[in-house]
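Next come the chains, spelled out residue by residue.
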Amino acid sequence: MANVRNTARPLSPHLGIYKWGPHMAVSIIHRATGSGMATVGTGLFVWWLVALAYGPDAYATFLDTFTLSNGKLNILGYLVGVGLSFSLFQHMGSGVRHFFLDAGANFELRANKRSALATFAFSILATATFWVVLLEKAHG
Amino acid sequence: MGNGTRLGRVRGLGSAHEGAGEWWKHKVSSGSNLLLTLWLMVSVALLPAYDFATIAGWIAQPLVAVPLILLVLSVTHHFRHGLQVVIEDYQHDESRFVLIVLLEYFTITVRVLAIFSILKIAFTTTGVAA
Ligand code: HEM
Ligand code: HEM
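Residues numbered from 1 in each chain as written. Chains lettered and ligands numbered in written order. Predicted model: local features only at pLDDT ≥ 70, side-chain atom pairs only at ≥ 80, totals over all residues. Heavy atoms only, no water.

(A) Spotlight on the environment of Thr-39 of chain A. All names here are of chain A. Looking at where Thr-39 falls in the secondary structure, it is placed in helix H1 (residues 22–54). On the accessibility criterion, Thr-39 (42% relative accessible area) is partly exposed. For the pair Thr-39 and Gly-77, spaced 38 residues apart in sequence, the C-alpha to C-alpha distance is 17 Å. (Helix = DSSP H or I, 4+ residues; strand = E, 2+ residues; numbered from the N terminus. Buried < 20%, exposed > 50% of the residue type's maximum accessible area, 1.4 Å probe, protein only.)

Here's what the structure looks like:
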């Protein structure tokens, strides 16, 4: 197709001259978390539902993949569980921030940077709260 | 819109003809995603346990099965559009077309599998809900 890049030509210099900031991190993490949830997250969500629809044995296979024999989460369970819940909350935070940007608001440098940092504060806090509630229940 | 005024005929189109409408639908699904995923996370956190009987009994309730189906519709619509934008940003040759077709099949398969499973759980689980 027409718009394949001609590698003989140099890239625009701005692609090599930039400094990382919270706004850039939020932007690329929004894309990474959205794409991750849409693929890995969706796969697991559908597996969970299909296993439930098949019955207790299939559901046990699903649970066994992520838990030890004593019922506690294994490493994969923690990785996937914490990873996906953090992804959701981070994407949620930056998604809400996006609503303001899409309306043309919040482009002032300081407010923009502060709201970018706020999405991380929110997602870390929400993920921690979620897991404290879950683990309290499992471990009494 | 009919053959209306000249302004009426171009309103909402933009250079890509349908981009603005797609973008708008994506924003709408962001709003319903926000409500429905928050509901799911809070509900899951509040469940008393995560064994088969508890979860199946929970999903079998009409006011759980229906929001769950709405969540499936909202999220699949949202990521169908979101992933298409990602593909369009990075794939510039024929693979773009192939990937978007695969995305379409993936989305529809996910949607039908998820909704069928929710309905099966809802219609076959007997006993007291959690
Ligand atoms: C929690 C509620 C959610 C909100 C408020 C939200 C909001 C948004 C917004 C505003 C965008 C557009 C970003 C842009 O225009 O650049 C977006 C993109 C996207 N979302 Fe979500 N979303 C949510 C949940 C989800 C979920 C659950 C998934 C996947 C299962 C998902 C997958 C995606 C993908 C793949 C993109 C495209 C990323 C990109 O173009 O960089 N989102 N989301
Ligand atoms: C600082 C690191 C980077 C961040 C945070 C970032 C993030 C993003 C995001 C979020 C988009 C979607 C924009 C939108 O949908 O409105 C995007 C698009 C894109 N990115 Fe990146 N990216 C980065 C580095 C790069 C680099 C180094 C390249 C190429 C050498 C690149 C090439 C592109 C291209 C071609 C697009 C599509 C642009 C368009 O929408 O027309 N990105 N980037």
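(B) Quick peek at the coordination of the iron atom of ligand 1. Looking at the iron atom of ligand 1, the protein donor atoms are His-91 of chain A (NE2) and His-78 of chain B (NE2), and they sit 2.0 Å from it. If you look at the iron atom of ligand 1, its six donor atoms make angles of 85 to 179° with each other, and the shape they trace is octahedral. One end of the pair, His-91 of chain A, is in helix H3 (residues 75–102); the other, His-78 of chain B, is in helix H4 (residues 62–90), on a second chain. (Donors = N, O, S within 2.8 Å, 3.2 Å for Na, K, Ca; no water. Tetrahedral: all angles 85-135°; square planar, octahedral: opposite > 155°, others 65-115°.)

(C) Geometry of H3 of chain A. Residue and element names in this part refer to chain A. With 28 residues, H3 should cover 40 Å at 1.5 Å per step; its first-to-last C-alpha distance of 39 Å lies within 8% of that length. For H3, the capping residue at the N-terminal end is Asn-74, with a side-chain oxygen 3.1 Å from the backbone nitrogen of Leu-76. Taken from the residues just after H3, Gly-104 is the one with a positive phi, measuring 90°. (Expected span 1.5 Å × (residues − 1). Polar contact = N/O pair within 3.5 Å; in protein donor to acceptor, adjacent residues only side chain to side chain.)

(D) Representation of the interface of chain A and chain B. Of the residues lining the interface, 31 residues belong to chain A; the matching set on chain B comes to 42 residues. Both faces considered, chain A and chain B share a buried interface measuring about 3,000 Å² in area, 75% of it formed by carbon and sulfur atoms. Applying the counting criterion to the chain A and chain B interface returns two salt bridges. A salt bridge links Asp-102 of chain A to Lys-27 of chain B, with the shortest nitrogen-to-oxygen separation between them at 2.6 Å. Applying the counting rule to chain A against chain B returns eight residue pairs in polar contact (both at pLDDT 80 or more). Among the elements of the structure, H1, helix H2 (56–66), H3 and helix H4 (109–139) of chain A are those that each provide at least two residues to the side of chain A that touches chain B. By residue number, the principal contributor to the side of chain A that touches chain B is H1 of chain A, which donates 11 residues. Partitioning the side of chain A that touches chain B into residue classes produces 21 nonpolar, seven polar and three charged. (Contact = heavy atoms within 4.5 Å. Buried area = accessible area lost by both parts, 1.4 Å probe. Salt bridge = Lys/Arg side-chain N within 4 Å of Asp/Glu carboxyl O. Nonpolar A, V, L, I, M, F, W, Y, C, P; charged D, E, K, R; others polar.)

(E) The arrangement of the packing of H4 of chain B against helix H5 (residues 95–124) of chain B in detail. Residues and elements named next belong to chain B. Interhelical geometry of H4 versus H5 gives an angle of 170° and a closest axis separation of 10 Å. Put simply, H4 runs roughly antiparallel to H5. Classifying every residue of the contact of H4 with H5 by side-chain character gives 18 nonpolar, four polar and five charged. (Axes fitted to C-alpha atoms, helices over the stretch in contact; angles between N-to-C directions. Parallel < 35°, antiparallel > 145°, perpendicular 65-115°, else oblique.)

(F) Structural detail: the site of ligand 2. In the vicinity of ligand 2, the contacting residues are Leu-15, Tyr-18, Trp-20, Met-24, Ser-27, Ile-28 and Arg-31 of chain A together with Asp-89 and Tyr-90 of chain B. Near ligand 2, the surrounding residues belong to chains A and B. Asp-89 of chain B has a polar side-chain atom sitting 3.4 Å from an oxygen atom of ligand 2. At the level of secondary structure, the elements contributing two or more residues to the shell around ligand 2 comprise H1 of chain A together with H4 of chain B. The residue inventory of the shell around ligand 2, partitioned by class, reads six nonpolar, one polar and two charged. (Near = heavy atom within 4 Å.)

(G) Seen up close, the site of ligand 1. Around ligand 1, the surrounding shell holds 23 residues, and the nearest of these are His-30, Arg-31, His-91 and His-98 of chain A together with His-78 of chain B. At 3.3 Å from a nitrogen atom of ligand 1 is found a side-chain nitrogen or oxygen belonging to His-30 of chain A. Contributions of two or more residues to the shell around ligand 1 are made by H1 and H3 of chain A together with helix H2 (19–46) and H4 of chain B. Each residue belonging to the shell around ligand 1 can be placed in one class, and the counts come to nine nonpolar, 12 polar and two charged.

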